[in-house]
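This is what each chain is made of:
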Protein chains: 2
Amino acid sequence: MMKILNQTLFTIAPASVPWRTRATERLDQLTMPHWALGRLMDLAVDLAGITRSLQPPIQRKVVVVMAADHGVVAEGVSKYPQDVTWQMVANFVNRGASINALAGQAGADVRVVDMGIAQGMKDLAHSGAIISLPVARGTANIAKGPAMTRAQAITSLESGIQVARRMIETEGYELIGVGEMGIGNTTPSAALIATLCGESALSSTGHGTGIDDEQRRHKVAIIEAALRINQPNPEDGIDVLAKLGGFEIGGIAGVILGAAARQKPVLIDGLISTAGALIAQRLMPTATDYMIAAHRSVEKGHLIALRHLEKEPLLDLQLRLGEGTGAALAMNLVEAAARLLSEVKTFSEAAVSNQNAVHPR
Amino acid sequence: MMKILNQTLFTIAPASVPWRTRATERLDQLTMPHWALGRLMDLAVDLAGITRSLQPPIQRKVVVVMAADHGVVAEGVSKYPQDVTWQMVANFVNRGASINALAGQAGADVRVVDMGIAQGMKDLAHSGAIISLPVARGTANIAKGPAMTRAQAITSLESGIQVARRMIETEGYELIGVGEMGIGNTTPSAALIATLCGESALSSTGHGTGIDDEQRRHKVAIIEAALRINQPNPEDGIDVLAKLGGFEIGGIAGVILGAAARQKPVLIDGLISTAGALIAQRLMPTATDYMIAAHRSVEKGHLIALRHLEKEPLLDLQLRLGEGTGAALAMNLVEAAARLLSEVKTFSEAAVSNQNAVHPR
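Caption draft 1: Layout of the overall build of chain A. Of the regular secondary structure elements, chain A holds 16 helices and 6 strands. Scaling as 2.2 N^0.38, a compact globule of 361 residues should have a C-alpha radius of gyration of about 21 Å, and chain A matches this with 21 Å. On the principal axes, the C-alpha backbone points of chain A span a range of 75 × 45 × 40 Å. The buried share of chain A, taken over its 361 residues, is 65%. Within chain A, contacts between residues at least 6 apart in sequence are counted, and of these 76% link residues at least 24 apart. Of note, chain A has its 33 positive side-chain charges centred 2 Å away from the centre of its 34 negative side-chain charges.

Caption draft 2: Just the side chain of B:R216, in detail. Residues and elements named next belong to chain B. Tracing the sequence through the fold places R216 in helix α10 (residues 213-230). Buried charge without a partner: R216 forms no salt bridge, and the closest opposite charge is D213, 5.8 Å away. The residues touching R216, leaving out its near neighbours within four places in the chain, are L202, T205, G206, H207, I211 and K300.

Caption draft 3: Geometry of the pairing of strand β4 (residues 175-181) of chain A. All names here are of chain A. Among the 7 residues that make up β4, 7 are buried, leaving the element largely enclosed by the rest of the structure. By the bridge criterion, 3 bridges tie β4 to strand β5 (residues 266-268) in an arrangement that is parallel. Its bridge partner being in β5, I176 is matched across the sheet by V266.

Caption draft 4: The interface of chain A and chain B, seen in detail. Contact residues are listed per partner, giving 66 residues for chain A and 65 residues for chain B. With both chains or domains summed, chain A and chain B bury close to 5,300 Å², and 60% of this area falls on carbon and sulfur atoms. Where chain A meets chain B, there are 0 salt bridges. On the surface where chain A and chain B come into contact, there are 16 residue pairs in polar contact (both at pLDDT 80 or more). Secondary structure elements with two or more residues in the side of chain A that touches chain B: α3 (38-51), α4 (83-93), α5 (98-106), α10 (213-230), α15 (325-343) and α16 (347-350) of chain A. In terms of residue count, the dominant contributor to the side of chain A that touches chain B is α15(A) (9 residues). Each residue belonging to the side of chain A that touches chain B can be placed in one class, and the counts come to 32 nonpolar, 22 polar and 12 charged.

Caption draft 5: Focus on the relation of the copies chain A and chain B. After a rotation of 180° and a shift along the axis of 0.0 Å, chain A superposes on chain B with an RMSD of 0.0 Å. Taken together, the rotation and translation relating the two chain copies correspond to the operation of a two-fold axis. A share of 98% of the interface residues of chain A reappears at the interface of chain B, consistent with the copies meeting face to face through the same patch.

Caption draft 6: Highlighting the pattern of salt bridges. Taken as a whole, this structure holds 22 salt bridges over all chains when the rule is applied. Here A:R339 makes a salt bridge to A:E335, at a shortest N to O gap of 3.3 Å. Taken together, the positions of A:R339 and A:E335, both in helix α15 and 4 residues apart, correspond to about one turn of that helix. Overall, the relative accessible area of 8% leaves A:E335 in the buried class. A salt bridge links B:R20 to B:D46, with the nearest nitrogen and oxygen atoms 2.7 Å apart. Here B:R20 is found in helix α2 (residues 17-28), whereas its partner B:D46 is found in helix α3 (residues 38-51), with 26 residues between them in sequence.

Caption draft 7: Quick look at the sheet that holds strand β5 (residues 266-268) of chain B. All names here are of chain B. Read across the sheet, 6 strands follow the order β3-β2-β1-β4-β5-β6 without closing on themselves; strand pairing throughout is parallel. Either end of the sheet is taken by a strand with one partner, and the two such strands are β3 (131-132) and β6 (291-293). The pairing of β5 with β6 spans 3 bridges and is classified as parallel. By the bridge assignment for β6, L267 is matched with I292. Sheet contacts for helix α5 (residues 98-105): β1 (61-68) and β2 (108-116); angle to β2, the most-contacted strand, approximately 145°.

Caption draft 8: Highlighting the packing of aromatic side chains. Within the structure shown, the criterion is met by 2 aromatic pairs over all chains. Pairing A:Y80 with B:F347 gives two aromatic rings, centres 6.3 Å apart and planes at 15°, and the pair type is stacked. Of this pair, A:Y80 sits in the loop between β1 (61-68) and α4 while B:F347 sits in helix α16 (residues 347-350), on two different chains. By relative accessible area, which is 5% here, A:Y80 ends up buried. Positioned over the ring face of B:W19 is B:R22, at 4.4 Å from the centre of the ring. The ring of B:Y173 carries B:R60 above its face, with NZ or CZ at 4.6 Å from the centroid.

Caption draft 9: Spotlight on the side chain of A:T346. Mapping A:T346 onto the fold places it in the loop between α15 and α16. Excluding anything up to four places from it in sequence, A:T346 contacts A:R26, A:Q29, A:L30 and A:T31.

Caption draft 10: Structural context of the domain arrangement of chain A. All names here are of chain A. By domain assignment, chain A separates into domain 1 (3-55 + 342-350) and domain 2 (61-332). If you average the C-alpha positions of domain 1 and of domain 2, the two centres end up 28 Å apart. Facing the 16 residues of domain 1 at the interface are 22 residues of domain 2. Three residues, L5, I12 and I50, lead the burial of domain 1 against domain 2; their summed loss comes to 35% of the area buried on that side. Our enumeration of links across domain 1 and domain 2 arrives at 8 residue pairs in polar contact (both at pLDDT 80 or more). With 6 residues, helix α1 (residues 3-11) is the largest single contributor of residues to the side of domain 1 that touches domain 2. Residue composition of the side of domain 1 that touches domain 2, grouped by class: 10 nonpolar, 3 polar and 3 charged.

Caption draft 11: The arrangement of the environment of B:G276 in detail. Residue and element names in this part refer to chain B. Here G276 shows up in helix α13 (residues 271-283). With a relative accessible area of 0%, G276 lands in the buried category. Taking the C-alpha atoms as reference points, G276 and A253, 23 residues apart in sequence, are found 4.5 Å from one another. If near-sequence neighbours (up to four positions away) are discounted, G276 is found in contact with I249, I252, A253 and I256.

Caption draft 12: Representation of the sheet that holds β1(A) in the model. Residues and elements named next belong to chain A. As summarised here, the arrangement of the 6 strands in space is β3-β2-β1-β4-β5-β6, forming an open sheet in which the pairing is parallel. Two strands in the sheet have a free side with no partner beyond their single neighbour: β3 (131-132) and β6 (291-293). Seen against the sheet, α5 touches β1 and β2 (108-116) and runs at an angle of roughly 140° to β2. Here helix α13 (residues 271-283) sits on the sheet and contacts β4, β5 and β6; the angle it forms with β4, its principal contact strand, is near 120°.

Caption draft 13: Structural context of the pairing of β1(B). All names here are of chain B. For β1, the buried fraction is high: 8 of the 8 residues fall into the buried class. Covered by surrounding structure in β1 are K61, V63, V65 and A67 together with V62, V64, M66 and A68, the residues of both alternating faces. Bridge count for β1 against β2 is 8 bridges, and the pairing is parallel. Among the inter-strand pairings, A67 is bridged to a residue of β2, identified as D114. Pairing of β1 with strand β4 (residues 175-181) involves 7 bridges; the strand directions are parallel. In the sheet register, V63 faces β4, and the bridge partner there is G177.

Caption draft 14: Highlighting helix α15 (residues 325-343) of chain B. All names here are of chain B. Its 19 residues give α15 an end-to-end C-alpha distance of 28 Å, which sits within 8% of 27 Å, the value for a rise of 1.5 Å per residue. At M331, α15 is bent by approximately 30°, the largest bend along its length. Across the 19 residues of α15, 17 count as buried, placing the element largely inside the fold.

Cut-offs and rules
- Residues numbered from 1 in each chain as written.
- Chains lettered and ligands numbered in written order.
- Predicted model: local features only at pLDDT ≥ 70, side-chain atom pairs only at ≥ 80, totals over all residues.
- Heavy atoms only, no water.
- Helix = DSSP H or I, 4+ residues; strand = E, 2+ residues; numbered from the N terminus.
- Rg over C-alpha atoms; globule rule 2.2 N^0.38 Å.
- Buried < 20%, exposed > 50% of the residue type's maximum accessible area, 1.4 Å probe, protein only.
- Contact = heavy atoms within 4.5 Å.
- Lys, Arg positive; Asp, Glu negative; His and termini not counted.
- Charge placed at Lys NZ, Arg CZ, Asp CG, Glu CD.
- Salt bridge = Lys/Arg side-chain N within 4 Å of Asp/Glu carboxyl O.
- Pairing = 2+ DSSP bridges.
- Buried area = accessible area lost by both parts, 1.4 Å probe.
- Polar contact = N/O pair within 3.5 Å; in protein donor to acceptor, adjacent residues only side chain to side chain.
- Nonpolar A, V, L, I, M, F, W, Y, C, P; charged D, E, K, R; others polar.
- Least-squares fit on C-alpha atoms with pLDDT ≥ 70 in both.
- Axes fitted to C-alpha atoms, helices over the stretch in contact; angles between N-to-C directions.
- Phe/Tyr/Trp six-rings, centres within 6.5 Å; stacked < 30°, edge-to-face > 60°.
- Lys NZ or Arg CZ within 6 Å of the ring centre and 35° of its normal.
- Domains from an automatic or database assignment.
- Expected span 1.5 Å × (residues − 1).
- Bend = angle between axes of the 7 residues up to and from the residue.

Okay, here's the thing in structure tokens:
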């Protein structure tokens, strides 16, 4: 128990400063006014530091969609019934969901992981259509007690680490996006963000799938109850995950840690994925070096979480879907940034006059 | 003279409201909370209205890079010598520039058009590496008099229309991005934006390729002189183009009008492309229905111009390069939006419970 987690945490090294410097030096010489591609160039530097390369490999891409259910739906925090979790997993497998369309556009595969769906997904698991690593058939209701045991929290993290290992080492993926499906999961995510960022439930809680203001007040009250009853210790990431979390949120944190340990970039999607990223950060702060914030969601707690990660999102398209859709959309930008390093010529390589050349005035 | 231009202007119809409605109705039923992909869904509606289709064709993409020189460089408005225009055109042809890398990532071709480069580009024109439609070997110095004659302004617009016709009808492109190269061209663009948006030279003028504050004050003074000496009539788009413009800016306006007449979407890039878009708007206001604003540049006048077009940019990545780089980056988002319409299933198609289903509370 915890051996995989501890080994992974100890393996995570900061991004490489020398490779960042090398990338900056090359980008400074490209045929354009200084740093004229702005944040795309910042991203290229990040990729060089993450991958230790001036030609960051970003060809093989995957969106890992972690799915699980949440006992707190008994409190009426979502507009949708719990069955939508497994129905949407079936939709992912049948390639009919938004993440299928957007990952397809980005040239990325989609892998769905059952981290704890209430409805057993035996047929899909047996056929290999999904990766089956359920910790349990949904968490307990956080309004009444902890979501899971500490052992289950560690299992969810280690399952995520195993998924990252499989994606990177066995299947050869070079860029991972993390997404999720789980009716009710903006509630534990907001609770996690409030705890880990030292914010109130009120400031971290949004309208989720589209609840109205009165329903949101109810949701805030449920989160306040969960925080009061469970008393999570914000210094202990595993305790916070166990008391408030979801299995898919632990799985996402694990994927991030596993990717960071293998020096691969991970695109963080919306509110729930970012809650997972906060858990990963709490367990190993340097893991943030490997995270790329895909987008800014309209969900209220998301900006709080991104600031806590010190991440500037690449996109701001008023998304609030999850599934990894924002991560898929940002994959093209990550690949574009890598191509700046590997494909664009310098002033001297292209025989273009730099600004120091004499010119009329 | 003006026959092609007038025919084109009269052909431009507004985007289709019925197709926009049909798209909205379908998007409302997709397996997600209502409009949970935000601006990507707005864009999908725009594409349906532009292309009159629920499966907007966006496969074949091209970035048209219009290049020309500017007499106003004699006033020392740029950090770079005029030779950089033709040197960068050679770099585009040799696939060593940023636009090559970013268009390549987006699966788009790059076509370079000589609209009036000072240095003759005979070899590249003869080999077919560039499209050669020079109006003259650079504009006159707008600080001393008009950039070009009214006849030349019309020729630049009609050349752009011809390029759009060739791209769409002969070569089968379905999505066009407009970009440019021309040392000094932020100066005429800022002058155009000030005139067409009713703003001062000071508020429309930025730091271009990276000039310092003192150089910028000089640039503002040059633009003020150009406005004073030329007295462009803001109600007459051709007059504004002739007195302040560049040949590539007229070409860009022409491409936009030609694409709008053929009901194809056009991605507008940064400051200079948007100045061209303002000319197109002035000549035919409904042409804006076919424009998609790719990104918000750091150049000061860009936001003013985008507001005048009533366009919200898709990206905000602190770009200030031009070449069509922002348009190339946004092409993936346009394709992603189209795929929402054509690939994502509705609740009933996917057998997923909608929010009206009974669920515990």
